[in-house]
Amino acid sequence: MASLKEYRLEQLDKLAKLRKLGIDPYPAQAIQDSDLINIHKNFNQVQGQTYWLAGRLMTIRQHGKITFLDLKDQSGHLQLIVRSENLTSAQLNKQQFRYEDLQLLTRGDFINVYGRITKSQRGEISLEVEILKLLCKVLRPLPLHLEDIETCRRRRYLDLAINPEVQKRFIRRSIFWQSTRDFLNQHNFFEINLPVLEHTTGGAEAKPFTTHMDALNEDFYLRISHELPLKKLLSGGYERIYDIGPRFRNEHHSDEHLPEHVAMEFYWAYKDWQDGMEFTENLIRYVVEKTFGTLEFSIGDFNINLKSAWSRHDYSDLMRKHYDIDVFQIGLKDLRSFLKSLNIQVEKIDNLSSCIDKLFKNIRTGLAGPFWLVNIPAFMSPLAKLDDSNSNLSQRFQAIIGGTEVANGFSELNDPIDQLKRMEKQQALRQAGNQEAQMLDIDFIEMLEYGMPPACGLGYSERLFWLLEGVMARDGVPFPHLKHEISQPTQEIYPNLYLRNKI
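What you see as residue numbers is a count from 1 along each chain, following the sequence as written. Per-residue local features of the predicted model are confined to residues with pLDDT of at least 70, and side-chain atom pairs are confined, for both listing and counting, to 80 or more; whole-chain, interface and lining totals are unaffected and use all residues. Side-chain figures throughout are based on the complete set of non-hydrogen atoms in the structure, without hydrogens or water.

Colleague: Just checking my understanding: could you explain the overall build of the chain for this structure?
Modeller: Each helix corresponds to a stretch of at least 4 residues labelled H or I by DSSP, and each strand to a stretch of at least 2 residues labelled E; elements are numbered beginning at the N terminus. When helices and strands are tallied, the chain shows 15 helices and 18 strands. By its C-alpha atoms, the chain is 85 × 55 × 45 Å across when sized along the principal axes. Here the term buried applies to any residue with accessible area under 20% of the maximum for its type, exposed to any over 50%, and partly exposed to those in between, with areas from a 1.4 Å probe on protein chains only. The 503 residues of the chain split such that 50% are buried. Across the chain, contacts joining residues at least 24 apart in sequence account for 65% of those joining residues at least 6 apart. Working definition of accessibility: Shrake-Rupley area with a 1.4 Å probe, residue cover restricted to the visible protein chains. With an accessible surface of roughly 25400 Å², the chain has 48% of that area assigned to carbon and sulfur atoms. Positive charges are assigned to Lys and Arg, negative charges to Asp and Glu, while His and the chain termini are left out of the count. To locate a charge, take NZ of a lysine, CZ of an arginine, CG of an aspartate or CD of a glutamate. Put simply, the chain has 62 plus and 67 minus side-chain charges, and the middle of one group is 7 Å from the middle of the other. Here, residues are in contact when the closest pair of their heavy atoms is within 4.5 Å.

If you want it as structure tokens, here you go:
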């Protein structure tokens, strides 16, 4: 098997021969009358008609004066039949290949073909080629198979090119977000995009990324949530708003978390958490059915059905049932000891809220759902209204599906005095070393003093998509973050270039 260096030399030689013939191996113009799937679907209507088609060359099978090519585009594959007599009138000055020039083609090249739709002698739908042009010449070999996870993640373009199921995955991801938009737009919400860079970031407990803006000579944070700016829009008079876009949390990679990921948050004035649960059930059903064509899933040991109304489970009741503890009575010292007895890591900066959250996450993986987790302790919910009948509880709700929290919402706190007190407690935790505690945002408090209507807010991220798609987080995005590297073959091919890993 030829080395990469030898393969490139062979392709560079073909490149030189093409240019000597007067053929531009990287032209700008291409013609595409149809995608390939439509040729298959509508064969009875298009048989005998001529089409310009474009795509990637996946196989070349030459049999004397007839060559069979397999063309692939985003929609599928189509066989091409190239007969020597059909290319006798090829004109090099028009970039057209003669039959003897086919030897300059390589698997992976992008080509443009014109011909008549027909069937082969074996009954396979095909295009009989009359004109063939090159659109892009490859210099590296397109793999036949790609199963190494590291390579799939690092060179996703190869993964997409040869694994059709992976390509379909990211089409489903696109549908997931488009159907989210469709549902919200149908219910008279407006999508208003917000800045990613913020002076003060908040809306979640997460360590932010920092950067510097030269134009203002000031440091900024990359947002960890869409929440606070969207609430400012509520104060400005909008009643149904949302944003979909990336958020950044400078934390670890896991099977269900990435430091950068796409999320949606909506805010609905004059509604509360009870309205939000009903609305979100319908939203998730709509999005999931549009994306996957079903509401029934097998996730690990769970069989999940999203059709029926979701049950509701009390946070403290679940903790009492599984651990025989009262989350409102247990002290931090006892809680730390209890976590250690379960072999759950406890950090020095962990407070009561984070310890209880770790404890719940430990049991959440065994909860199938779908259900709403309600009556979450107020001390764990610094941006939510308190329950009307019990000030220890918040009007907060979390969606649990397949052992994972996939959505989080609440009746939004709009009391500026109460909100300031809660933010001050969070700021004290930050000053004590907890970089995930929320920042005190005085600009947000100022907005609340001007007035913000009661509202329900909810957010979910693409974690919901990853869960139902059945993939780990890094396989659920096109280009996951990995440690930078330049492959050894590339270093050998370009020895004189400035390479980062040689610094």
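Colleague: Explanation requested: the packing of helix α9 (residues 315-323) against helix α11 (residues 352-364) in the structure shown.
Modeller: The relative placement of two packed helices is expressed as an angle between their axes plus a distance between the axes. Contact geometry of α9 with α11 gives a least axis separation of 11 Å together with a crossing angle of 70°. On the basis of the axis angle, α9 is roughly perpendicular to α11. Crossing of α9 against α11: the hand is left-handed. Along its contact with α9, which presents Y315, L318, M319, H322 and Y323, the element α11 presents I356, D357, L359, F360, N362 and I363. Simply put, an axis is a line fit to the C-alpha atoms, just over the touching stretch for a helix, and the angle between two N-to-C directions goes from 0 to 180 degrees. Orientation labels follow simple angle bins: below 35 degrees gives roughly parallel, above 145 gives roughly antiparallel, 65 to 115 gives roughly perpendicular, and whatever is left gives oblique. Crossing handedness follows the turn of the near helix against the far one: under a right angle anticlockwise gives a left-handed crossing, and clockwise gives a right-handed one.

Colleague: Hey, could you run me through the pattern of salt bridges in this one?
Modeller: Proximity of charged atoms lets side chains of opposite charge pair with each other. One side-chain nitrogen of Lys or Arg within 4 Å of one carboxyl oxygen of Asp or Glu is enough to make a salt bridge. The tally for this structure, following the rule as stated, stands at 25 salt bridges. We note a salt bridge from E281 to R285, for which the minimum N-O separation is 2.9 Å. Taken together, the residues E281 and R285, both in helix α8 (residues 273-292) and four residues apart, mark about one turn of the helix. Each member of the pair, E281 together with R285, is buried. Across the salt bridge formed by D317 and R320, the nearest N and O atoms sit 3.1 Å from each other. Here D317 and its partner R320 are both found in helix α9, three residues apart, which amounts to about one turn of the helix. Connected through salt bridges with shared partners, the residues R98, E100 and D101 form a single ionic network.

Colleague: What's the story with helix α7 (residues 227-235) in this structure? I'm lost.
Modeller: Because each turn of an α-helix spans 3.6 residues, side chains separated by three or four positions in sequence point in the same direction. Burial within α7 is extensive, with seven of its nine residues counted as buried. One or two residues past the end of α7 sits G237, with phi positive at roughly 120°.

Colleague: In this structure, what is going on with the sheet that holds strand β2 (residues 66-73)? I would like to understand it.
Modeller: As a general point, the strands of a sheet are linked pairwise by backbone hydrogen bonds and lie either parallel or antiparallel. One bridge is not enough; two strands pair if DSSP finds at least two bridges between them. One closed barrel holds the five strands; their spatial order is β1-β2-β3-β5-β4, and the pairing between them is mixed. With direction set aside, neighbouring strand axes in the sheet form an average angle of 55°.

Colleague: Quick question: what am I supposed to make of the packing of aromatic side chains here?
Modeller: Any two aromatic rings considered together are summarised by their centre-to-centre distance and by the angle between their planes. The aromatic pairing rule takes the rings of Phe, Tyr and Trp, using the six-membered ring of Trp, and pairs them if the centres are within 6.5 Å, calling planes under 30 degrees apart stacked, those over 60 edge-to-face and the rest tilted. In the structure shown here, the tally under the stated rule is 18 aromatic pairs. Pairing F176 with W177 gives two aromatic rings, centres 4.9 Å apart and planes at 85°, and the pair type is edge-to-face.

Colleague: Got a minute to help me understand unusual backbone geometry in this structure?
Modeller: Glycine aside, the phi torsion of most residues is negative, and most peptide linkages are trans. Cis geometry is adopted by the peptide bond preceding P370, which originates at G369 and carries an omega value of 5°. Looking at the element boundaries, P370 is found in the loop between α11 and β15 (371-374).

Colleague: For this particular structure, what's the right way to read the sheet that holds strand β9 (residues 218-222)?
Modeller: Across the sheet, three strands lie side by side as β7-β9-β8; this open sheet has antiparallel pairing. With partners counted over all chains shown, the strands left at the sheet margins are β7 (197-198) and β8 (210-213), one partner each. Here β7 pairs with β9 via two bridges, running antiparallel. By the bridge assignment for β9, E198 is matched with Y221.

Colleague: In this structure, what is going on with the side chain of K14? I would like to understand it.
Modeller: Within the element layout of this structure, K14 appears in helix α1 (residues 4-21). Here K14 sits buried without a salt bridge, and the closest side chain of opposite charge, E10, lies 4.0 Å off (N-O distance). Reaching out from K14, the side chain makes a polar contact with the backbone oxygen of L105 at a distance of 3.3 Å. At 3.1 Å, the side chain of K14 and the side chain of T106 are in polar contact. Polar contacts, as counted here, are pairs of nitrogen or oxygen atoms within 3.5 Å of one another; within protein the pair requires one atom able to donate a hydrogen and one able to accept it, and residues that are adjacent in sequence qualify only if both atoms are side-chain atoms.

Colleague: I keep staring at the pairing of β9 and nothing clicks. Help me out?
Modeller: Each regular strand carries side chains that alternate between the two faces of the sheet. With four bridges joining them, β8 and β9 adopt antiparallel strand pairing. Within β9, the residue paired with H212 across the bridge is D219. In sequence, β8 turns back onto β9 through a hairpin of four residues, with N217 there showing a positive phi of about 55°.

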